[in-house]
Every structure is written in structure tokens, then in C-alpha cells.
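# What the coordinates show
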Amino acid sequence: MSAASCLLTEDQFLCSICLDVFTDPVSTSCGHNFCKTCITEHWNINVLYQCPSCKKVFNTEPELQVNTFISEMAAQFRQSAQQKASSSSSEQQAAKPGEVPCDVCTGTKVKALKSCLVCLASYCETHLEPHLTMAGLKRHQLIDPVENLEGRMCTKHDKLLELFCKTDQMCVCVLCTVLDHKTHDVVPLKEEYEGKKAELGKTEAETQQMIQKRRLKIQEIKRSVELSKEDADREIAGGVQVFSALKESVERSQAELIDTIKEKQRETEKQAEGFIKELEQEISELKKRSSEVEQLSRSEDHLHLLQRLPSLNAAPPMKDWTEVSVRPPSYEGSVVRAVSQVEETLSQQMKKLLAEAELKRVQQYAVDVTLDPDTASPKLILSDDRKQVKHGNEKKNLPDNPERFDPCVMVLAKQSFSSGRFYYEVQVKGKTDWDLGVARESINRKGNITASPQKGFWMIWLRNKNEYKALAGPSVRLSLKSQPEKVGVFVDYEEGLVSFYDVDAAALIYSFTGCCFTEKLYPYFCPCVNNGGKNSAPLIISAVNHTE
């Protein structure tokens, strides 16, 4: 053990809190060692049970165990250090500037080890010995060496300042309490010290709590920035996608315009080439005839000329080119027509892309929604997973609790929302009638129900296969290009917005705007009566497949 301790330095036996050699060393679960008193006091004045070395936070105050190995090593080190100090006491050096000198040393003033508040003197290791061994001096109060011990004396009575006047908030001596501070509230200096130290501990704990709150606020702000960046990146990506598609459409229309014009030019050139070829063929034949006529006209043979002349008079058939011409195609208005077509195409594509981007944006707020059987009409049939609802022919015998709809065949979701944004999707495929939307908590649930925003309902419905309406009070007839098979419902509570989407077509069906929500909102479902089996398909709460 001693051989091993010789290889260790003083730093390895120092508590990181008091910076002194370990006293009753204990170990935390994270493997670090501290004086038992130091770590206990540290946790008493701090909000968190946190390791001072590695900053690991414990949910409850850890159980501390004495580290016997470190304790034995520290004891050996302390003993070894004391022996070294004892052997070198005769070789002590003079106090350096800034150090407190011994008041007893004559000649060279050695560095003081302690100051005595009773003797009002500071002592080096050698001159401190009586205070450590003599019974009378052992009762004196020793502190770390300090200068100006006279400042601890009452300037008026030349007595030690060992009391504290709470009335005047000042340190006093014994004589002060019977003279100038006779009727004042006076307590021992140690008592006031402990009280103030406790206050400082409380202040430190409050300060640490404030620091922790601000650190959490920093994390909150950083998270907000991260979310903002994610939103910005998502919007940029969506914008790039939209504009890239628009750019491709413009470039495609430009290429089509150029190809159309070039095709017309190619046809014109082809026609001209055909005419030129025919003309050149006729010119060739006419040159041949001209040559024959010229040759015959030079003949001196009367008989030959007369015999050949009849064949020359029969001229070869030639085309009448009087009305033949190559008319350049008209390009006038081509660009205007192309641009108009591009505008129309872009308008359609832009609406489609924006609708897809909008649907993709709201789908990020998808929530898991299930049906609440305690609100379901007795004539409704709910699936075991609480994701499907349809109308049944028979009325079940259920408790008539205040939350239950009766007789209207309606049901609410189990989940409610009183802030933020949420989105869910419902399959309506195969149905001829249905209602969908959201409702506030205080809606009427008994008897005949009139649905409107004034009554606490924000909903759309389908009747007779193709009659769509938004029950906005008064109702708004909706003209849809196609029948939705899956409807998305999006709510922004603070914005006062309820929007409905045709998911497959990525098209907005209708939006309630400027709503004022003050209560909990519940997703609302009504599969309507089955109409002799014609409307027997269920409403199905579907998992959201995010639009790509």
C-alpha cells in the first residue's frame, strides 16, 4: 500500500469541492469521490442532485457509501504529508508577499498557518503548537490566517466583535450590549453567521433555479429555431418542387411551339422542293426538244426536214404553272396562342401543385383519432378498434348518459383538442350519405339536432350520392369535380380555421374561417341511416399516408 501511495500525487487525494484531502470519502453511482460533508452540503443548497464532476443528474438523492479504499489511501497520504511537514519545519521559508506572516517569529517572519480570534495573533506551524496541545489554548477559535486582526476588535471598547446587533445590523462586543445596544436584539456572531449562510444557501438555490429556468428557456428557443428551420426547409423544398414543375411546363410548351413552327417550315420546304423538281424535269425535256428543233432547222436536206417535222410538232405534255405558287405558312398568333395555352396549363398545374403542397403541409399535424362509445347513438355499430362506425337496424340497450347522442345517429371521438393544430382522414367510399366535422363539447346531444357553427358544429355533408353542402348557417352548396372517397379534416384552433380536403384529388373542399373557439373540440362523425342497405358502408378513420 505504501509503495503504491508513493506513486500518487496530492491532487489524486483532493476533494473537488473543498479542494482539501478527502475526509470520509464517499462515491457516487457515476464513480466520482467527494468528502461526505461536502457533497451533502452541495446537494442541500442546489436544486438538482447533480454530480459536480461529470454533471450527471440523479432523480432522487443518491445513497452514498464510504469508499474504504480511498479513505485508507487518504489517511496514509495525510500521515505521510504530516511527517514530511514535520521533518521540514526547521527549513520553513519566509512569508511571501500576500501571505500572512507569523506574529511570534523574530527575525525572519514565517508564513502563518492559523490565526487565533482570542489571541488576535497569527501563528506559523511551530508557534501554533501550544494551541494544539495545551488544554487552555485548545478552546481558542482558530481560523485560516487573516491579516488585520485588529479589525475584529471593537474600536470603542477594545473587545472582540463576537456578537451581532440585528437592530442596527452591525457586529458588536460584549460591552456594546450593555451600553449603546442595551435594548437591541443581539445574538452571537455564530448564530447570525449561520442564519446568513442559510440565507445565502437559499439565495444560491434560487439563483441555481433561475439559471436552470434560463437554460431550459435557451433549449426552448433553440428548439423553436430548429422547428423554424425545418418549416423553412420544407417550404423551400415545396417551393422548388412547384417552380421546377412550372419551369418544366414552360420549357415543354416552348419546345412544342418551336417544333410546330419548324414542322410548318419543313412542310413548306418539302412542297417547294417537289415543285422545283417537277419544273427542272420539264426544263430538261424542253431543252431536249429545243436541241432537236435547232438541229433540224440547220438541216439542208429537204426530204429529212419534212419527214422529221411532224414528230417535232407533237410537243410533250407540260403542266400549267400559272396558278401554282408556294405560299409561306402564317405564323401570326402562334406565340400568343402558345402563351395562352401555357397560362391555362400553368394555372391548372399551379392550382394542383399548391393544393398538393397545402395538403402535405396540414398532414404533418396528423393525430390518432378513435371513436368514443360513450357518445355513440344506440343505433350505431362501432368496430372493436374504434376506427369504424355504421348504422344498425336495431337499437341497443345502452345507458342513457348525458354524453350519448339519441336519437340522432352521431358519435364523437375520444380525443379532444383545445389548442394548436390537428388533422385526420376518414374514408367515405361507397356511401350515399354522411356528415363529418368537429363539434364543441357543450353541443346538444338529445332529440333533434340542428347543425351549424352557431350550434357548435363545423361540418360538411353528402346527401343522395352527389349533393354536397357545408352547413355554414345558411348552408353552402358545394360543386365538386369528383366524389371524394377519403376526406381530410384540418383544424387550427388559434386561427379559427376548419378545412376539408379531398385527399385523393389533393383538393380543398371547403373552409370555415374566422371561427372563435373557446371550448374543447371533438372530431364528429355521422354515417347516417343505412337506407335499406344502400348506405351500409362504414365511415373509417384511416391512417394518414403523407402526400409525396
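Provided above is the structure to which this section pertains.
Below is a summary of the structure that appears in this document.

Reading the values: the criteria
Residues numbered from 1 in each chain as written. Predicted model: local features only at pLDDT ≥ 70, side-chain atom pairs only at ≥ 80, totals over all residues. Heavy atoms only, no water. Helix = DSSP H or I, 4+ residues; strand = E, 2+ residues; numbered from the N terminus. Buried < 20%, exposed > 50% of the residue type's maximum accessible area, 1.4 Å probe, protein only. Areas by Shrake-Rupley, 256 points an atom, 1.4 Å probe, with all protein chains shown as cover. Core = buried A, V, L, I, M, F, W, Y, C linked by side-chain atoms within 4.5 Å. Contact = heavy atoms within 4.5 Å. 1 Å grid on protein atoms, 1.4 Å probe; cavity = no way out; pocket = protein on both sides within 12 Å on 5 of 7 lines; lining within 4 Å. Points joined across faces, edges and corners; volume = space filled by probe spheres on them.

## What about the overall build of the chain?
Scanning the chain from terminus to terminus reveals nine helices and 26 strands. Considering only C-alpha atoms, the chain reaches an extent of 175 × 95 × 55 Å along its principal axes. Burial statistics for the chain: of 548 residues in total, 32% are counted as buried. A total accessible area of about 34900 Å² is found for the chain, and carbon and sulfur atoms account for 52% of it.

## Notes on the nonpolar core
Ranked by size, the top nonpolar core spans 54 residues in total, and within it Trp434, Phe512 and Phe525 carry the most contacts. Residues contacting phenylalanine 512, with those up to four places away along its chain left out, are Pro453, Trp458, Met459, Ala470, Leu471, Ala472, Gly496, Leu497, Val498 and Phe500. Counting 16 residues, the second largest nonpolar core, distinct from the first, contains Val21, Phe22, Cys38 and Phe58.

## A short note on unusual backbone geometry
Here the residue pair aspartate 406 and proline 407 is connected by a cis peptide bond, since its omega of 10° sits within 30 degrees of zero. Among the structural elements, proline 407 can be located in strand S14 (residues 406–407). Here glycine 473 and proline 474 are connected by a cis peptide whose omega angle stands at 10°. Within the secondary structure, proline 474 sits in the loop between strand S20 (467–470) and strand S21 (476–478). A positive phi angle is found at asparagine 531, which is not glycine, with a value near 55°. The residue asparagine 531 is located in the loop between strand S25 (521–526) and strand S26 (539–542) in this model.

## Focus: the layout of surface pockets
Computed from the structure, the second largest pocket encloses a volume of approximately 470 Å³. Here the lining of the second largest pocket gets three residues from one element, more than from any other, and that element is helix H7 (residues 189–297).

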